[in-house]
Amino acid sequence: MELSSLEKQLLQSVDADSRNDEEELRRYQKEALKQLRGAFRYMQEKYPDTEIRWRLFDPLTRITERGVLICSLPDHTSFHKINILLRQNEYVYSDTLYGDLIRDRYDEAVCMCLKEFIPNIKAYTVFYTSCGSEISGRSSLSEIISHVPLLVRHTDLFVCPPAGITAEAADALRKEGFFGAYSIYSTDDRELFEQGSYEQLRASSIRSNFNLFEGPKEGTAS
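Now for a look at the structure at hand.

About the cut-offs
- Throughout this document, residue positions are counted from 1 along each chain, in the order its sequence is written.
- Per-residue local features of the predicted model are confined to residues with pLDDT of at least 70, and side-chain atom pairs are confined, for both listing and counting, to 80 or more; whole-chain, interface and lining totals are unaffected and use all residues.
- The side-chain values count all of the structure's non-hydrogen atoms but skip hydrogen atoms and water molecules.
- Aromatic rings from Phe, Tyr and Trp, taking only the six-membered ring of Trp, are treated as a pair when their centres fall within 6.5 Å; an angle between ring planes under 30 degrees marks them as stacked, one over 60 as edge-to-face, and anything in between as tilted.
- Secondary structure follows DSSP: runs of H or I at least 4 residues long count as helices, runs of E at least 2 residues long count as strands, and numbering of each begins at the N terminus.
- Here's how the labels work: a residue is buried when its accessible area is under 20% of the maximum for its type, exposed when over 50%, partly exposed in between, all with a 1.4 Å probe on protein chains only.
- The working definition used for a salt bridge is a side-chain nitrogen of Lys or Arg within 4 Å of a carboxyl oxygen of Asp or Glu.
- Convention adopted: a line fitted to C-alpha atoms gives each axis, helices being fitted over their contacting stretch, and angles between N-to-C directions are expressed from 0 to 180 degrees.
- Put simply, angles under 35 degrees are roughly parallel, angles over 145 are roughly antiparallel, angles from 65 to 115 are roughly perpendicular, and the rest are oblique.
- Crossing handedness is defined as follows: a turn of the near helix away from the far one that is anticlockwise and smaller than a right angle gives a left-handed crossing, while the clockwise case is right-handed.
- Two residues qualify as a contact provided that any one of their heavy atoms is within 4.5 Å of a heavy atom in the partner residue.
- Residue polarity follows a fixed list, in which Ala, Val, Leu, Ile, Met, Phe, Trp, Tyr, Cys and Pro are nonpolar, Asp, Glu, Lys and Arg are charged, and the others, Gly among them, are polar.
- Criterion used throughout: strands pair if DSSP finds at least two bridges between them.

## Focus on the packing of aromatic side chains
- By the definition in use, this model includes 9 aromatic pairs.
- A centroid spacing of 4.7 Å and a plane angle of 5° characterise the contact between Y182 and F210, whose relative ring orientation is stacked. A residue pair is termed long-range when its members are at least 10 positions apart, and Y182 in strand β7 (residues 180-186) and F210 in strand β8 (residues 206-212) qualify at 28 residues. Each of the two residues, Y182 as well as F210, counts as buried.

Below you can see the structure in the form of C-alpha cells.
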C-alpha cells in the first residue's frame, strides 16, 4: 500500500530515509506506521467532525515509555498530545485535545458560578489530563466535573475592576465541582478587559493565585 504524503511526512521523524510504499519499510518503520494509523483511527472515531492539524510524531520504541503524536486545531495556538501505550500487545491511545472543545462551556459555567460575587469576569481553562474515549468534545459538564480521577486543570480568571475570591465564592466553586488551580488577573482598564486578548490581559494585569484541590473520589462519581 502506498503511503500518504502525511504519513511520509510524519515518519520522517522515525527515519529520514523516506519510502513510498508500505512494503518497502523496515520492520521498525512498519511498527511506527501501525501506531500512527491507529492514532489516526482513534482520533477520527473520537472527533468525527473536527478538523485536526498533525504536527509531529515520536513513536513508542523499546527505549521509550510512550509514543506521542502532536496535533492542534485550526486557529488555535495550543498543541495537544496523543499518547501511545502498549497494553497486552495492543496499542492504547489517549489525548488532551478534548480540552479545546469543552473549554467554552466549562468556562461559561465557571463564570456563571462567580457572577454573584464578581460581576465582570472571564475565564480560560486548560485541561492537562490525557483521556481516552470516555471524555471527548461531546462530553457534558457533569461528565467533565465528575470524572474519576479528577481532570487536572488550570483556570485563568480575568476581572475588572480588581477583585479577589472571597470564602463564599470559593465555596460556590467547590459545591459545583470546579476544582483545580486558579490564577486571577485584575485590571482597572475596562477597554482592555472588554477588547484585549487573554495574552494582553495576562501581561497587563495584577495576578494572584488560589487552589481548590479536592475532587471526586473512586466510587463517588455520579
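## Quick notes on the pattern of salt bridges
- Summed over the entire model, instances satisfying the criterion amount to 7 salt bridges.
- Notably, a salt bridge pairs D95 with K46, separated by 2.7 Å at the nearest N-O pair. Here the residue D95 occupies a position in strand β4 (residues 90-95), and K46 occupies one in helix α2 (residues 27-46), the gap between them amounting to 49 residues.
- A residue is classified by how much of its surface remains accessible, and D95, at 0% relative accessible area, is buried.

## Some remarks on the packing of helix α3 (residues 98-114) against helix α5 (residues 167-176)
- Two elements in contact, α3 and α5, have axes separated by 9 Å at closest approach and are oriented at 135°. Taken as axis vectors, α3 and α5 run oblique relative to one another. The handedness of the crossing between α3 and α5 comes out as right-handed. Judged by residue contacts, V110, C113 and L114 of α3 engage A169, A172, L173 and E176 from α5.
- Looking at the contact of α3 with α5, its residues break down into 6 nonpolar, no polar and 1 charged.

## Remarks on the environment of Q195
- Examined against the element boundaries, Q195 turns out to sit in helix α6 (residues 190-195).
- Taking C-alpha positions, Q195 is 23 Å from H154, a pair spaced 41 residues apart along the chain.

## Considering the side chain of E7
- Within the element layout of this structure, E7 appears in helix α1 (residues 5-11).
- In this structure E7 comes out as buried when scored by relative accessible area, which is 8%.
- The residues contacting E7, other than those within four sequence positions of it, are L33, L36, R37 and F40.

## Overview of the environment of S136
- Along the polypeptide, S136 turns up in the loop between β5 (121-127) and α4 (141-146).
- For S136, the residues in contact, after removing those within four places along its chain, are K46, Y47, Y98 and I102.

## Quick word on the sheet that holds strand β1 (residues 53-58)
- Taken together, the 4 strands give an open sheet; going across it, the order is β1-β2-β3-β4, and neighbouring strands pair in antiparallel fashion. Strands at the two margins of the open sheet, each flanked by one partner only, are β1 and β4. Adjacent strand axes in the sheet meet at a mean angle of 25° when their direction is disregarded.
- In terms of strand pairing, strand β2 (residues 67-72) meets strand β3 (residues 80-87) through 5 bridges, oriented antiparallel. Paired with I70 across the strands is K81, a residue of β3.
- Lying over the sheet, α2 contacts β1, β2, β3 and β4, oriented at roughly 50° with respect to β4.

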